[in-house]
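# Reading the structure
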Amino acid sequence: MPHHGNEEEHNSSANHAAGSGAEEQQGTPAAPGDPAGTPADSDGDALAQAEEILNGVEVPAEESVAQGASTAEAAELKNDLLRLQAEYVNYRKRVERDRAVAGEMAVIGVLNSLLPVLDDVDAARQHGDLADGPFAAIATKLETALKTYGLVRIDETGVGFDPTIHEALIQQPGEDIEVDTVSQVLRAGYKSGDRVLRAAQVIVAVPA
C-alpha cells in the first residue's frame, strides 16, 4: 500500500507539472522572432509607417492653394472697388463740371437779357439825362451789380483792332497809324470771363 501511494503522488506531480507547462505555454507571449508573432509586429510596423506618411504629407499645400485662391479673390475684389471708386470720382467731376456750366449759362442768359437796358443807360448818359438824380444812382448800382457777375465792358479806344471783340463798321485812314486801331466806339461791347457776349461796334483807323 505505501508503494501504491508513492506512485499516485508521482503521477499527480507529473500531471501538475504538465498542466503548469501547458498553462505557461498558453500564457507566455510570442517572442519577437517567433513566426507566430509576425502578424502583430507587422500591424505595428504598418501603423508606424502610416503615421510617418501622415506626418510627412504636406497638408499646408492644400491650405496654401486655398489661401492663394482667397488672395486672388481679394485682389479681384480690390480691383473692382478701385474701378468703382474711379468711376464715382469721374461721375462727381462730371456732375460738378455740368453744374458749373449750367450756372455759367444761367448767368450769361441774364446778362444778355440786360444788355439792351445797358444800351439805354448809355444813351441816356450821352444825352445828359443821367448826370445826377435818383436814376443816375440806380444806373450806377445796376452796372456795379453786373460787374460782380463778371460783366466786362468793351469800350476802349486807341487799342489795336481785335476781330474777336470788335466789329468794324467804318474804316478811315489815319495819320501815323502802323496797325489797324480803334478810333471810336459806336456801341459798347461786353464779355463775361473769356466769353464775348457782344462785340463792340467801332470805327477803325487804318494805315494810309
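Below: a short report on this structure. Note that this is a predicted model, so its numbers are computed, not measured.

About the criteria used
Residues numbered from 1 in each chain as written. Predicted model: local features only at pLDDT ≥ 70, side-chain atom pairs only at ≥ 80, totals over all residues. Heavy atoms only, no water. Helix = DSSP H or I, 4+ residues; strand = E, 2+ residues; numbered from the N terminus. Buried < 20%, exposed > 50% of the residue type's maximum accessible area, 1.4 Å probe, protein only. Contact = heavy atoms within 4.5 Å. Areas by Shrake-Rupley, 256 points an atom, 1.4 Å probe, with all protein chains shown as cover. Core = buried A, V, L, I, M, F, W, Y, C linked by side-chain atoms within 4.5 Å. Domains from an automatic or database assignment. Patch = residues over 30% accessible without salt bridge, like charges linked within 9 Å, V, L, I, M, F, W, Y side chains within 5 Å. Salt bridge = Lys/Arg side-chain N within 4 Å of Asp/Glu carboxyl O. Expected span 1.5 Å × (residues − 1). Pairing = 2+ DSSP bridges. Axes fitted to C-alpha atoms, helices over the stretch in contact; angles between N-to-C directions.

Moving on, we get to the overall build of the protein. When you go through the protein residue by residue, the secondary structure sums to four helices and six strands. For the protein, the succession of helices and strands along the chain, N to C, is α-α-α-α-β-β-β-β-β-β. Counting all 208 residues of the protein, 15% fall into the buried class. A separation threshold of at least 6 residues defines the contact pool for the protein, and within that pool the share at least 24 residues apart is 63%. Carbon and sulfur atoms form 56% of the exposed surface of the protein, whose accessible area is close to 15700 Å².

Within the largest apolar cluster, nine residues are counted, these being I108, L111, L115, L118, L146, L151, A188, Y190 and L197. In this structure, this core is formed jointly by two domains, domain 1 (72-149) and domain 2 (152-207), each of which donates at least three residues. Once you skip the residues sitting within four places of it in the chain, L111 turns out to touch L146, Y149, L151, S192 and L197. With six residues, the next largest nonpolar core counts I154, V182, A200 and V204 among its residues.

Taken together, Y88, V89 and Y91 make up a surface patch of nonpolar side chains, about 310 Å² in accessible area. On the secondary structure map, V89 appears in helix α3 (residues 59-126). We classify V89 as partly exposed; its relative accessible area is 33%.

Another aspect to go through is helix α4 (residues 134-148). Helix length check: α4, at 15 residues, gives a terminal C-alpha distance of 22 Å against a target of 21 Å (1.5 Å per residue), a fit within 8%. Where α4 terminates, the next one or two residues include G150, which has phi positive at roughly 90 degrees.

Turning our eyes to something else, we now look at the sheet that holds strand β6 (residues 200-207). If you trace the three strands from one edge of the open sheet to the other, you get β2-β6-β3, paired in mixed fashion. Strand pairing shows two members of the sheet lacking a second neighbour, β2 (166-174) and β3 (181-187), which therefore form its edges. Across the sheet, the mean angle from the axis of one strand to that of its neighbour is 25 degrees, orientation sign disregarded. Bridge analysis of β2 against β6 gives eight bridges, and the strand direction is parallel. Bridge assignment links A168 to a residue of β6, and that residue is V202.

Structural measurements only, silent on function.
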